[in-house]
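# Structural description and commentary
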Amino acid sequence: MKPPPFEYYAADSAQEAVSLLAEYGPDAKVLAGGQSLVPLLALRMSRPEHLVDVNRAAELEQQRSDADGLHLGALTRHRVTERSAGIRAANPLLSEAARLIGHAAIRNRGTIGGSIAHADPAAEMPTVLLALDGAVEAVSRHGTRQIPASGFFESYLTTALEPDELITAVHFPPWAPGSGWSFTEFSRRSGDFGIIGVAATLRLGDRGTIAEARIAISGGAETAVRASRTEKALIGQFPGDGTWIAAGCDALEGLDLPADLHGSAAYRRHLAAALIERALRLAHERIPARVPA
Ligand SMILES: Cc1cc2nc3c(=O)[nH]c(=O)nc-3n(C[C@H](O)[C@H](O)[C@H](O)COP(=O)(O)OP(=O)(O)OC[C@H]3O[C@@H](n4cnc5c(N)ncnc54)[C@H](O)[C@@H]3O)c2cc1C
């Protein structure tokens, strides 16, 4: 199928895009990498009257790592997130997750802003943003606001973003030194969306017990979800197989996992428990060795 007709605007700057969104609001859509929007247009599942292409807005491509954390301009391509040594050093979980997005051709075009705005519950970037308590910077004619990840993803493909708001950047807090990490997922074919994915980080305290754990799950609900209760329960425990296995079961309590053509709810539950266990084990193995005093 072909998309319904629309007016196309190539904004030269974020400010121009914001002005266009102010004018056309709910009748407009931002076009970034086009990897999610163009299929939706072709299937006529989205019918905007105006498309605001932001690919010429060079300021949206910038990345910065400083004492406040990692700041990625909305147009940062997944391939850059995957391959940039600076991004990997600042946030290895994010780079690992980016590598799992679709195929290289999709990662060359797809952007972090587009992935966060699209809010697919199986997508990797929203899951990492949630796991690390990141935030989204959104700009409209009314000004700029920071929306914490915990309040951004509302339901299936639905976010707290207003129709006239443009995501300009995505922020990740500073990486906690001494943390191990893992993004672990399962998909039936390489390049497919993961059926379930798990973002995890772990940090140990002086006694060798767990001082901090972060776990977020993709594909388990209408949005990515954080296993906050399990994260708290892990604190003070000794790392080990029994701890990881118990966390895998505990994290799914109260979660109503969906069933679809990729698998039943029972299958997803089994898979999610196994992946949480695996993600925590790998995160633990990757905790940097301590240098003896
Ligand atoms: C075959 C295939 C496999 C894929 N596999 C995966 C996968 O495994 N994991 C995964 O996460 N994704 C996957 N994707 C999607 C891909 O990651 C997209 O890049 C991403 O979801 C959207 O990014 P985009 O830049 O292409 O956004 P677009 O498609 O341009 O836009 C997506 C949505 O976000 C809005 N938007 C975009 N940028 C902004 C902005 N700055 N401000 C406000 N709104 C904005 C658009 O209006 C639109 O509603 C796949 C896509 C394909 C075609």
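Every chain is numbered on its own, with residues counted from 1 as its sequence reads. Note on the predicted model: pLDDT of at least 70 is required for a residue's local features to be given, and 80 or more for side-chain atom pairs to be given and counted; whole-chain, interface and lining totals, by contrast, use all residues. The basis for every side-chain value is the complete set of non-hydrogen atoms in the structure, without hydrogens or water.

What counts as a salt bridge is simple: a side-chain nitrogen of Lys or Arg found within 4 Å of a carboxyl oxygen of Asp or Glu. Counted by the stated rule, this structure contains 17 salt bridges. One salt bridge connects Arg 56 with Asp 12, and the closest N-O pair in it is separated by 3.4 Å. Linking Arg 56 in the loop between strand S3 (50-53) and strand S4 (63-66) with Asp 12 in the loop between strand S1 (7-10) and helix H1 (14-24), this pair joins segments that are 44 residues apart in sequence. Looking at Arg 56, the relative accessible area reads 55%, which means it is exposed. Notably, a salt bridge pairs Arg 281 with Glu 277, separated by 3.0 Å at the nearest N-O pair. Linking Arg 281 with Glu 277, this pair stays in helix H11 (residues 265-285), spanning four residues, or about one helical turn. Connected through salt bridges with shared partners, the residues Asp 133, Arg 203, Glu 212, Arg 214, Arg 226 and Glu 231 form a single ionic network. In this description a helix means any DSSP run of H or I spanning at least four residues, a strand means any run of E spanning at least two, and both kinds are numbered starting from the N terminus. Burial here depends on accessible area, computed with a 1.4 Å probe over protein chains only, as a share of the maximum for the residue type. Under 20% is buried, over 50% is exposed, and the range in between is partly exposed.

Among buried residues, those of type Ala, Val, Leu, Ile, Met, Phe, Trp, Tyr and Cys that are joined through side-chain atoms within 4.5 Å constitute a nonpolar core. Counting residues in hydrophobic clusters, the biggest one holds 34 residues, and the most contacted among them are Leu 94, Ile 116, Met 125, Val 128, Leu 129 and Phe 172. Only strand S5 (69-73), helix H4 (85-90), helix H5 (92-99), helix H7 (112-118), helix H8 (124-131), strand S6 (135-140), strand S10 (166-172) and strand S11 (180-186) provide two or more residues apiece to this core. Counting residues per element, this core draws most heavily on H8, which supplies five residues. Here, two residues are considered to be in contact whenever any of their heavy atoms come within 4.5 Å of each other. Excluding residues within four positions of it along the chain, Ile 116 makes contact with Met 125, Pro 126, Leu 129, Val 136, Phe 152, Phe 153, Thr 159, Ile 167 and Val 170. Counting 28 residues, the second largest nonpolar core, distinct from the first, contains Val 198, Ala 200, Ala 272 and Ile 276.

Expected helix span is given by 1.5 Å per residue-to-residue step, counting one fewer step than there are residues. Counted at 1.5 Å a residue, the expected span for H11 with its 21 residues is 30 Å, and the 30 Å between its end C-alpha atoms agrees. Residues of H11 that are buried: Arg 268, Leu 271, Ala 272, Ala 273, Leu 275, Ile 276, Ala 279, Leu 280 and Ala 283. Here the buried face of H11 lies against S11, strand S12 (196-204), strand S13 (210-218), helix H9 (228-234) and helix H10 (241-250).

A few words now on the packing of H5 against H8. Orientation is described by lines fitted to C-alpha atoms, with helices fitted over the stretch in contact, and by angles between N-to-C directions that extend from 0 to 180 degrees. Following both chains from N to C, one finds H5 and H8 inclined at 160°, their axes separated by 9 Å at the closest point. When the axes of H5 and H8 are compared, the pair comes out roughly antiparallel. Where H5 crosses over H8, the two elements pack in a sense that is right-handed. The residues of H8 that touch H5, namely those facing Leu 93, Leu 94, Ala 97 and Ala 98, are Glu 124, Met 125 and Val 128. Under the convention adopted here, Pro, Cys and the residues Ala, Val, Leu, Ile, Met, Phe, Trp and Tyr are nonpolar, Asp, Glu, Lys and Arg are charged, and Gly plus all remaining residues are polar. Its residues assigned to classes, the contact of H5 with H8 comprises six nonpolar, no polar and one charged. Our angle categories are set so that under 35 degrees counts as roughly parallel, over 145 as roughly antiparallel, 65 to 115 as roughly perpendicular, and the remainder as oblique. Each crossing gets its handedness from the near helix: less than a right angle anticlockwise from the far helix is left-handed, clockwise is right-handed.

Moving on to the domain arrangement of the chain. Each domain's extent was defined by an automatic or database domain assignment. Domain annotation for the chain reports domain 1 (7-52), domain 2 (63-172) and domain 3 (180-285). Computed over C-alpha atoms, the centres of domain 1 and domain 3 are 35 Å apart.

Let's shift gears to the layout of surface pockets. Of the two site types, the cavity is a set of points on a 1 Å grid over the protein atoms alone where a 1.4 Å probe fits but cannot get out, and the pocket is an open set with protein on both sides within 12 Å along at least five of seven lines, each lined by residues with an atom within 4 Å of a point. Grid points are joined across faces, edges and corners, and a volume is the space filled by probe spheres set on the points. Quantified by volume, the second largest pocket comes out at close to 190 Å³. Glu 59, Gly 73, Glu 137, Thr 168 and Ala 169 are the residues nearest the centre of the second largest pocket, which is lined by 13 residues in total. Broken down by secondary-structure element, the contributors of at least two residues to the lining of the second largest pocket are S4, S5 and S10. Of the residues assigned to the lining of the second largest pocket, the class counts are four nonpolar, six polar and three charged.

Another point: the sheet that holds S12. The four strands lie next to each other as S11-S12-S13-S14, forming an open sheet whose pairing is antiparallel. Where the open sheet ends on each side, the last strands, each with one partner, are S11 and strand S14 (225-226). Strand pairing follows a simple DSSP-based rule, namely that at least 2 bridges must link the two strands. The pairing of S11 with S12 spans seven bridges and is antiparallel. The residue of S12 that forms the bridge with Phe 186 is Ile 196.

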